[in-house]
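Take a look at the letters that make up each chain.
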Amino acid sequence: MIPVLLLHGLFLTVPPPGEVGQYAAQWEQLMREHGHDNPVGVTFLTNDPIIHAWTTMYKVSSLQALEVNIVAHSLGVIAARYYLKYLNGRFRVRKLVSICGTHDGLFASLYSLNAGDDTPGDVEYYDIYGPDELPFQPLGDGGSTEHFIDVPHISAPFDDRVLAKVMEFLLE
């Protein structure tokens, strides 16, 4: 099975590194319980999406795989999109699953991410969103598959319905 990187979202206050690691470990365990045999949690110690993108690039380059999938939540989606568009990630990533991604708001970096092709490369894009993201703006001009699940934004990465939908997409 292709490795999947798990990119977490924004923390209102950056927790101590040990707690961030627990977050990543919990997400990895839930992905294993839902049938993925190779999840890799990526821990960000800042709330800067550009630094996250560089961290993602470093993590992908350290894996012994030609390609990876990315599952990202909230701010992690912005980091993944930046990695794909500006750091040549589109050549290593097969699928990007966006959980409650903020595609058209919050950060100035989104203006450049949304300019031109916002779904670059041959990457397959999949959006899972909830009521906190309404009205929802999908990626690209039909470049992604969307699925609504009635789950709060903050708990979406740990919701069984969301994880089941993530696995369904990753196994297609």
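Every chain's residues receive numbers from 1 upward, in the order its sequence appears when written. Local features are withheld for residues below a pLDDT of 70 in this predicted model, meaning they are given only at 70 or higher, and side-chain atom pairs are given and counted only at 80 or more; totals for whole chains, interfaces and linings count all residues. Remark: hydrogens and water are excluded; side-chain values derive from all non-hydrogen atoms of the structure.

Peer 1: Is there a simple way to think about the overall build of the protein in this case?
Peer 2: In terms of regular secondary structure, the protein is built from five helices and six strands. When its helices and strands are written in sequence order, the protein yields β-α-β-α-β-α-β-α-β-β-α. Type-normalised accessible area, obtained with a 1.4 Å probe on protein chains alone, sets the label of each residue: buried when under 20%, exposed when over 50%, and partly exposed for intermediate values. The burial tally for the protein puts 53% of its 172 residues in the buried class. Every residue pair with non-hydrogen atoms within 4.5 Å of one another is taken to be in contact. A separation of at least 24 residues holds for 69% of the contacts in the protein among residues at least 6 apart in sequence. To measure how exposed things are, a 1.4 Å probe is used in the Shrake-Rupley method; for residues, cover is taken only from the protein chains shown. Summed over all atoms, the accessible surface of the protein reaches about 8,000 Å², with 54% contributed by carbon and sulfur. Secondary structure follows DSSP: runs of H or I at least 4 residues long count as helices, runs of E at least 2 residues long count as strands, and numbering of each begins at the N terminus.

Peer 1: Just to check I follow, could you spell out the nonpolar core for this structure?
Peer 2: In globular proteins that are soluble, nonpolar side chains generally tend to be buried together. By nonpolar core is meant a set of buried Ala, Val, Leu, Ile, Met, Phe, Trp, Tyr and Cys residues that side-chain atoms within 4.5 Å join together. L5, L7, I70, A72, Y83, V93 and L96 are the most contacted members of the largest nonpolar core, which totals 23 residues. Going through the elements one at a time, β1 (4-7), β2 (39-42), α2 (49-62), β3 (68-73), α3 (75-86) and β4 (93-99) are the ones with two or more residues in this core. The leading source of residues in this core is α3, at seven residues. Sequence-distant contacts of L96, that is, excluding residues within four places in its chain, are made with I70, A72, A80, R81, L84, V123, E124, Y125, Y126 and F169. Judged by nonpolar contacts, the second largest core, of 20 residues, contains V71, V97, I149 and V162.

Peer 1: Is there a simple way to think about the packing of aromatic side chains in this case?
Peer 2: Aromatic rings considered in pairs are described by the distance between their centres and by the relative angle of their planes. What counts as a ring pair is set by centres within 6.5 Å for rings of Phe, Tyr and Trp (its six-membered ring), and what kind of pair is set by the plane angle: stacked under 30 degrees, edge-to-face over 60, tilted for all other angles. Counted by the stated rule, this structure contains three aromatic pairs. Where Y126 meets F169, the ring centres are 4.4 Å apart and the plane angle is 15°; that geometry is what we call stacked. Of this pair, Y126 sits in strand β5 (residues 124-129) while F169 is found in helix α5 (residues 160-171), placing the two residues 43 residues apart along the sequence. For F169, a relative accessible area of 3% translates into the label buried. Note on Y129 and F148: the rings are 5.5 Å apart at their centroids and 65° apart in plane angle, and the pair reads as edge-to-face. On the criterion of sequence distance, the pair formed by Y129 in strand β5 and F148 in strand β6 (residues 144-148) is long-range, its members being 19 residues apart. Overall, Y129 belongs to the buried group, its relative accessible area being 16%. A relative accessible area of 38% means that F148 is categorised as partly exposed. Charges are assigned to positions over rings by a cutoff of 6 Å between ring centre and Lys NZ or Arg CZ, combined with an angular limit of 35 degrees from the ring normal. In this structure, K95 is placed above the aromatic ring of F169, and the distance from its NZ or CZ to the ring centre is 5.0 Å.

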